[in-house]
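Observations on the three-dimensional arrangement
Chain by chain, the residues run as shown.
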Amino acid sequence: MGNEKKNTSKAAAKAAKKQKAEAKTSKKEKKKSKKTTDAPPEDEDLEAILDKMNREWEDAHKVTEELVEGPPSRRANATLTPCPSGNHLWCIGGEFFSDDGKAYFYNDVYRYNPDKDEWRKFVSPTCPGPRSAHAVVASAAGGGKLFLFGGEFSSLHQNTFHHYRDFWCFDISTHSWDRLDTKIRPSARSGHRMAMWKHYIVLFGGFYDPGYRTQYLNDTWVFDTQEYKWRQIEFKDIDRKPSPRSGFSFLSTPEGIVLHGGYCKEYSKGKRPIGVMLDDTWFLRMSLETSQSPSPSTVSSDPLGLKWEKRKKLSFAPHIRSGCTMALWSAKGIGVMFGGVTDDDRDEESLESVFWNDLYGYQLVGNGRWQSMTLKKLKKAGRGGKRKAAAVQQGEHEVSDGDDNAVKTQEAKITEEPEIDPDDPILTAPIPRYNAMLAVLKNTLYIYGGIFERGSREYTLDDFYSIQLDKLERYTCLKHSGIVIPAEGDESSSDEDDEGAESDEDGDSDNETQIGEDDTGLNLKKLDDSHDDEEADEPVDVQHNEVRAQATAFMGVSKDTVRSAEDVISTPEPGETLAVFYARSREYWTQKAHGVSDNRGKQLRRDGFSFAEERYAEYKPILEEVERILAEAGLDEDEMRAGAAQTGGGGGVVSSRNRR
């Protein structure tokens, strides 16, 4: 028994020892296996890894190039940039708001070749997100690059809104994007501008809208394209600098950068924000210090010096406006301005707007100087020629200094002999608009799209024009707009035609009081004639009754919802002064004057004001009687003006997000 127990104990010990040895061996093998796994791969494995990485990068940067039929689809707040390494234009991003209130944002890249008049679209998996109101600047270094910063994006139904603060570089030679991530960079924003000076990118201004209040910016940032670093330029409190703004012009010169105009909103406690159009001009003087001791204006050892200088306001300048960023005509050192919008943001009820399609140039060097870039009329064979045109202009100036009868005689002559020259270059001009995309290649200005408003509706345009700036002979339409904008009065023309036909059949039109574009003047003239011819015989009460009847009829027609837009804009309202009436209908009278005169600039505006003044004088007796009727009803002067604002025409009651 004792021997058996002893033998069993020895066998168990031997088995345990064997098991321990096996475990130790297994542990050694595992350790050896782990060392083998953690060991560096052989050269063939490293090459395979690198090859895989290269394939992944190529897939991410694979660019698809497509020839498209024409310019990009309808959009606004995109960028149109001249190519720094070829005769091309680059169009990036943009936005479109449909009639049903949906927002569409784009991130596509288009290239226009003017030599072939063709557009190409480039698509890459690695690219900036869809956006608008971003900024793009071009650099010729490294075969040509486009740098993009910021912008904005919203969801389809505009429930969410986002500002970007990313920074991208587009390589023109490979048509590929790369994101440049830096620890220090400008804050998120839209509506800012960038300009290239030597190897520096300068960024200024813009706005940030968190949803409850738009915050406008006036900070200055510089990006060094050699060191790939952003830094903010800190100015002293006593240094002058531009006020916060967005949507301004920002053009590079050999000595620095010119800033002009822009837009912002003023916020006062307890009051609604008021849009402010800016027309001041600033110059950011820039220099590279060559001496060892840096000047006080430089930061640390950086040789770059910057200083803001405000330029004097010039006596001759375009009418104040927004939505008209200038394009750089580098061959002449001129900034080219086209179009824009002038808003009269008087009260909460109305935003009256005037849209422009004029062309101006701003000489960037020195103290700056504006020049009107009017189209040149072609010389025609025949006697008279230039001397006859000069005589007409001189006669018009003489008439303007004379009596009213001479003015009416001159207008009557023009009305009797209307001459519309089909070769008049002004007929080739694009329709008025703001936020058009401009770019100059060599000596040619290109204009793409923009926004036009009629009433409360916005029209995003997709037409494409060019004009040779060194000749200024005529605009060339490279692509007609597919957008149908009804002419003023078209929406009610069919009703008016039907009413006219019925009145002709009945023969009772003389017994009806109608206030319209043509017959109103006739009625008022008859009233004035009766005052002159029968003043001694006709009792005052009879005259007053006639005025009262016309005033009552006018009140009924003025509230008619089917009045044509032309009738609304060309008719003064009760409570309106001449100045207010002209302010909201300025564009209408200027166009009317342009149709019967060859005058331009100030003289054309004077002619338009004369038309408005004459119209206001015709209506004055009726308006005064209407005001008396309203006063009898208990309305005070402020309420009358509020009523006039509600029925006013002009550019319509619009509060556009594009004004930002």
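**Some thoughts on the nonpolar core**
Counting residues in each nonpolar core, the largest one holds 19 residues, and the members touching the most others are Val336, Leu359, Leu445, Ile447, Ile467, Leu469 and Tyr475. Per element, the largest residue contribution to this core is three residues, and it comes from strand E21 (residues 334–347). In this view, Ile447 contacts Phe338, Ala436, Met437, Leu438, Asp463, Phe464, Tyr465 and Tyr475; residues no more than four positions away in its chain are not counted.

**Looking at the sheet that holds strand E17 (residues 256–266)**
Judged by pairing direction, the sheet is antiparallel, and its four strands sit side by side in the order E16-E17-E18-E19 without closing on themselves. The open sheet has two edge strands with one neighbour each: strand E16 (249–253) and strand E19 (304–310). For this sheet, the mean inter-axis angle between neighbouring strands, taken without regard to orientation, is 25°.

**A closer look at the packing of aromatic side chains**
Enumeration over the complete set of coordinates arrives at 35 aromatic pairs. Taking 6.5 Å as the distance between ring centres and 25° as the angle between the ring planes, the aromatic pair formed by Phe96 and Tyr104 counts as stacked. According to the relative accessible area criterion, Phe96 is buried, its value standing at 15%. Centre to centre, the rings of Phe147 and Phe167 are 5.9 Å apart; their planes meet at 20°, and the pair counts as stacked. Of this pair, Phe147 sits in strand E7 (residues 145–149) while Phe167 sits in strand E10 (residues 167–171), and the two are 20 residues apart along the sequence. Accessibility classification places Phe147 together with Phe167 in one group, the buried group.

**So, the pattern of salt bridges**
Using the criterion set out here, one finds 15 salt bridges in the structure. Among the salt bridges present, the one from Arg120 reaches Glu65, with a minimum N-O distance of 3.4 Å. Highlighted residues: Arg120 in strand E5 (residues 118–123) and Glu65 in strand E1 (residues 64–68), separated in sequence by 55 residues. Overall, Arg120 belongs to the partly exposed group, its relative accessible area being 21%. Taking relative accessible area as the criterion, Glu65 reaches 41% and is therefore assigned partly exposed. Across the salt bridge formed by Arg321 and Asp358, the nearest N and O atoms sit 2.7 Å from each other. Taken as a pair, Arg321 in the loop between E19 and strand E20 (327–329) and Asp358 in strand E22 (residues 350–363) lie far apart in primary sequence, 37 residues in all. Like Arg321, the residue Asp358 is buried in the burial classification. Linked through salt bridges whose partners overlap, the residues forming this network are Glu65, Glu118 and Arg120.

**Focus on a nonpolar patch on the surface**
Judged by side-chain polarity, Leu46, Ile49, Leu50 and Met53 come together as a nonpolar surface patch covering roughly 370 Å² of accessible area. Inspection of the secondary structure assignment puts Ile49 in helix H2 (residues 43–60). Assessed through its relative accessible area of 43%, Ile49 is described here as partly exposed.

Cut-offs used in this document
Residues numbered from 1 in each chain as written. Predicted model: local features only at pLDDT ≥ 70, side-chain atom pairs only at ≥ 80, totals over all residues. Heavy atoms only, no water. Core = buried A, V, L, I, M, F, W, Y, C linked by side-chain atoms within 4.5 Å. Buried < 20%, exposed > 50% of the residue type's maximum accessible area, 1.4 Å probe, protein only. Helix = DSSP H or I, 4+ residues; strand = E, 2+ residues; numbered from the N terminus. Contact = heavy atoms within 4.5 Å. Pairing = 2+ DSSP bridges. Axes fitted to C-alpha atoms, helices over the stretch in contact; angles between N-to-C directions. Phe/Tyr/Trp six-rings, centres within 6.5 Å; stacked < 30°, edge-to-face > 60°. Salt bridge = Lys/Arg side-chain N within 4 Å of Asp/Glu carboxyl O. Patch = residues over 30% accessible without salt bridge, like charges linked within 9 Å, V, L, I, M, F, W, Y side chains within 5 Å. Areas by Shrake-Rupley, 256 points an atom, 1.4 Å probe, with all protein chains shown as cover.

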